[in-house]
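Observations on chain architecture
Residues per chain are reported as follows:
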Amino acid sequence: MDAAFTAEQDEIRRTLREILGKRCGPDEVKAAVRTAAGHDRELWQQLSRQLGLPGIAVAEEYGGVGCAPADLALACEETGRVLLPSPLLATAALCVPLVTALGTAAQRSALLPPLATGGLTAALAVSGPALATALALTGEDASGQWSGGGRAGGVQARAVAADAAGGGWRLYGEAAQVLDGHSAGLLLVAAHTGGFARSRTLLFLVREDAPGLVRSRQAVLDETRPQARIELRDVPAELLGGEGADVLGALAATGRTASAVLAAEAVGAAGQALARTVEYVRGREQFGRAIGSFQAVKHRLADLYVQVQAARSAAYYAAWDPDQGGLALAQCLEALRMTAGEAIQLHGGIGFTWEHDAHLYFKRAAADELLFGPVHRLRAHAANRAGLFADPAAAMGPLPAPAAREASAPPASPSTSAPPPASPPAQEKVAV
């Protein structure tokens, strides 16, 4: 493994940091999230045209840059520093890999070029608060019960005969907590079909102007991650790929890559929260000296620095090996939560005001754990995948017959296995 960044990666980082430093201060971020789109459309187009940001991991034959997912993670570290509200995560990290893995040749040719250039944004819609489960971040559900399981709730799909009006597929149901679902031009909807006889989960393409589609933006804790509620009322949809596609496998693979991207984004936010806190304690004076000169404050900042650097190393390793994305995401989310909490504490009385900029990072930490965690479940799932909780006896297999008899034999009687303990010596009476 070569941990050094290439010249191209360093240039992406430098250019992106320069652009975002000018356009994404805390005031600009707060203004952008309160627009109808939930992000700065002009800045999104600039990042798409100048850097090809949404198409970093898209093949060149489809109009993308043709880089690896590691380059997307590197770019998301910079967007995480400023808490950039944008459709980058929903489009490039969640939807583009699914279209690439499952789409037909015609679907890839029609969808990937506009997605790569930023002209089209996409969102992944799964039913209920099941995004982490659907992406196999906190557990694996081979039956796909999170999509509805043939029962009430979730999103259901039914095939319509070709001679009927429109033909194709129809979707009905609802999905909440859809990232950027209120503004995306394309929805990838996970729906259950087949009933109990042929129960399976498939992905469908739904355009923003589809009849029967109702979208409403929700009030959420972290405004920099806008979410929407999607209602589908007999909506016409196009099947992504074929009916025999391995949708659950593609979602799990997408989850591994997305976890590496999210880890890099979280560690970028944690690093910036720490930097802003260090800057504040250097200038804030108390008792005639900067509060950053007190030893107790130095120790707390030193602990945070070690935690952030360890999380950054884990994020970089996950960018190189996405199979380790779950553990890296757990470590980076924990580092962000700890750093954001300490930032509020060390900012003192002003830091506790809800309007202070430190709360932007605290809200991001809390919202990401709700969407993609929590941390202890991320770690538990990674441990299960690694076999850390497997029964050693079961892994070794059945014992040979003699060994099994010895293992099952009752323990020997104390009378035959060892001589009885000697009786204590008689105590001698002494006259006083």
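Residues numbered from 1 in each chain as written. Predicted model: local features only at pLDDT ≥ 70, side-chain atom pairs only at ≥ 80, totals over all residues. Heavy atoms only, no water.

Considering the overall build of the protein
Across its full length, the protein carries 16 helices and 9 strands. Per-residue burial for the protein yields a buried fraction of 48% across its 432 residues. A sequence separation of at least 24 residues applies to 70% of the contacts in the protein between residues at least 6 apart. Looking at the protein as shown, the accessible area adds up to about 20900 Å², and 55% of this sits on carbon and sulfur atoms. (Helix = DSSP H or I, 4+ residues; strand = E, 2+ residues; numbered from the N terminus. Buried < 20%, exposed > 50% of the residue type's maximum accessible area, 1.4 Å probe, protein only. Contact = heavy atoms within 4.5 Å. Areas by Shrake-Rupley, 256 points an atom, 1.4 Å probe, with all protein chains shown as cover.)

What about the nonpolar core?
One finds Leu124, Leu171, Leu188, Phe204, Val206, Leu232 and Phe372 to be the most contacted residues of the largest nonpolar core, which totals 117 residues. No other element matches the 16 residues that helix α8 (residues 247–283) contributes to this core. Sequence-distant contacts of Phe372, that is, excluding residues within four places in its chain, are made with Leu89, Leu131, Ala132, Leu137, Thr138, Leu179, Arg225, Leu262, Leu329 and Leu378. (Core = buried A, V, L, I, M, F, W, Y, C linked by side-chain atoms within 4.5 Å.)

Notes on helix α1 (residues 7–23)
Counted at 1.5 Å a residue, the expected span for α1 with its 17 residues is 24 Å, and the 24 Å between its end C-alpha atoms agrees. Looking only at α1, the buried set comprises Gln9, Ile12, Arg13, Thr15, Leu16, Ile19 and Leu20. Against the buried residues of α1 lie α3 (41–51), α4 (69–81) and α9 (295–320). (Expected span 1.5 Å × (residues − 1).)

Details of the packing of α1 against α4
With their axes 10 Å apart at the nearest point, α1 and α4 run at an angle of 25° to one another. When the axis of α1 is compared with that of α4, the two are roughly parallel. Seen from above, α1 lies across α4 with right-handed handedness. Taking contact as the criterion, the partners of Gln9, Arg13, Leu16, Arg17 and Leu20 in α1 are, on α4, Asp71, Leu74, Ala75, Glu77, Glu78, Thr79 and Arg81. Counted by class, the contact of α1 with α4 contains 4 nonpolar, 2 polar and 6 charged residues. (Axes fitted to C-alpha atoms, helices over the stretch in contact; angles between N-to-C directions. Parallel < 35°, antiparallel > 145°, perpendicular 65-115°, else oblique. Left-handed = near helix turned anticlockwise from the far one by under 90°. Nonpolar A, V, L, I, M, F, W, Y, C, P; charged D, E, K, R; others polar.)

Structural notes on the environment of Ala93
Position of Ala93 relative to the elements: it lies in helix α5 (residues 88–102). Once the C-alpha coordinates of Ala93 and Val261 are considered, the two residues, 168 residues apart in sequence, prove to be 7.3 Å apart. Ignoring sequence-local partners within four residues, the contact set of Ala93 consists of Leu72, Leu88, Thr254, Ala258 and Val261.

A short note on the pairing of strand β1 (residues 122–125)
Where a strand is regular, its side chains alternate between the two sheet faces. Judged by which residues are buried, β1 turns out to be covered on both faces: Ala122 and Leu124 on one side and Ala123 and Ala125 on the other are all buried. Strand direction decides the pairing type here: β1 and strand β4 (residues 186–193), joined by 4 bridges, are parallel. Bridge pairing links Leu124 to Leu188 in β4. (Pairing = 2+ DSSP bridges.)

Regarding the environment of Pro69
Residue position: Pro69 is located in helix α4. For Pro69 and Asp321, which are 252 residues apart along the polypeptide, the C-alpha to C-alpha distance reads 10.0 Å. Setting aside its immediate chain neighbours within four residues, Pro69 contacts Ala57 and Thr257.

Comments concerning the packing of aromatic side chains
Under the criterion given, the structure shown has 3 aromatic pairs. For the pair Trp169 and Phe204, a centre-to-centre distance of 5.2 Å together with 55° between the ring planes defines the contact as tilted. Separated by 35 residues along the polypeptide, Trp169 in strand β3 (residues 168–179) and Phe204 in strand β5 (residues 200–207) bring together distant segments of the chain. As far as the burial class goes, Trp169 and Phe204 line up, both buried. (Phe/Tyr/Trp six-rings, centres within 6.5 Å; stacked < 30°, edge-to-face > 60°.)

Describing the confidence of the model for the protein
On average, residues of the protein score 87 in pLDDT, and 85% of them are at 70 or above. In the predicted structure, residues 427–432 sits below a pLDDT of 50 and forms 0 contacts with residues beyond four places in sequence or in another chain. (pLDDT = per-residue confidence, 0-100.)

A short note on the packing of helix α10 (residues 325–346) against helix α12 (residues 358–372)
Where α10 contacts α12, the two axes come as close as 8 Å, and the packing angle between them is 150°. One way to sum up the angle between α10 and α12 is to call them roughly antiparallel. Remark: the crossing between α10 and α12 carries left-handed chirality. Contacts between α10 and α12 pair Leu329, Leu333, Leu336, Arg337, Ala340, Gly341 and Ile344 from the former with Ala358, His359, Tyr361, Phe362, Arg364, Ala365, Asp368, Glu369 and Phe372 from the latter.

A look at the environment of Ala290
For Ala290, the location among the structural elements is in strand β9 (residues 289–290). For the pair Ala290 and Tyr280, spaced 10 residues apart in sequence, the C-alpha to C-alpha distance is 9.4 Å. Residues in contact with Ala290, not counting those within four places in the same chain, are Val281, Arg282, Arg284 and Glu285.

A word on the pattern of salt bridges
Counted according to the given criterion, the structure contains 25 salt bridges. When the shortest N-O distance is used, the salt bridge between Asp357 and Lys30 registers 3.1 Å. Placement of the pair is Asp357 in the loop between α11 (348–351) and α12 and Lys30 in helix α2 (residues 26–33), with a sequence separation of 327 residues. A salt bridge links Asp357 to Arg276; the nearest nitrogen and oxygen atoms lie 3.2 Å apart. Residue Asp357 is found in the loop between α11 and α12, and its partner Arg276 is found in helix α8; the two are separated by 81 residues along the sequence. (Salt bridge = Lys/Arg side-chain N within 4 Å of Asp/Glu carboxyl O.)

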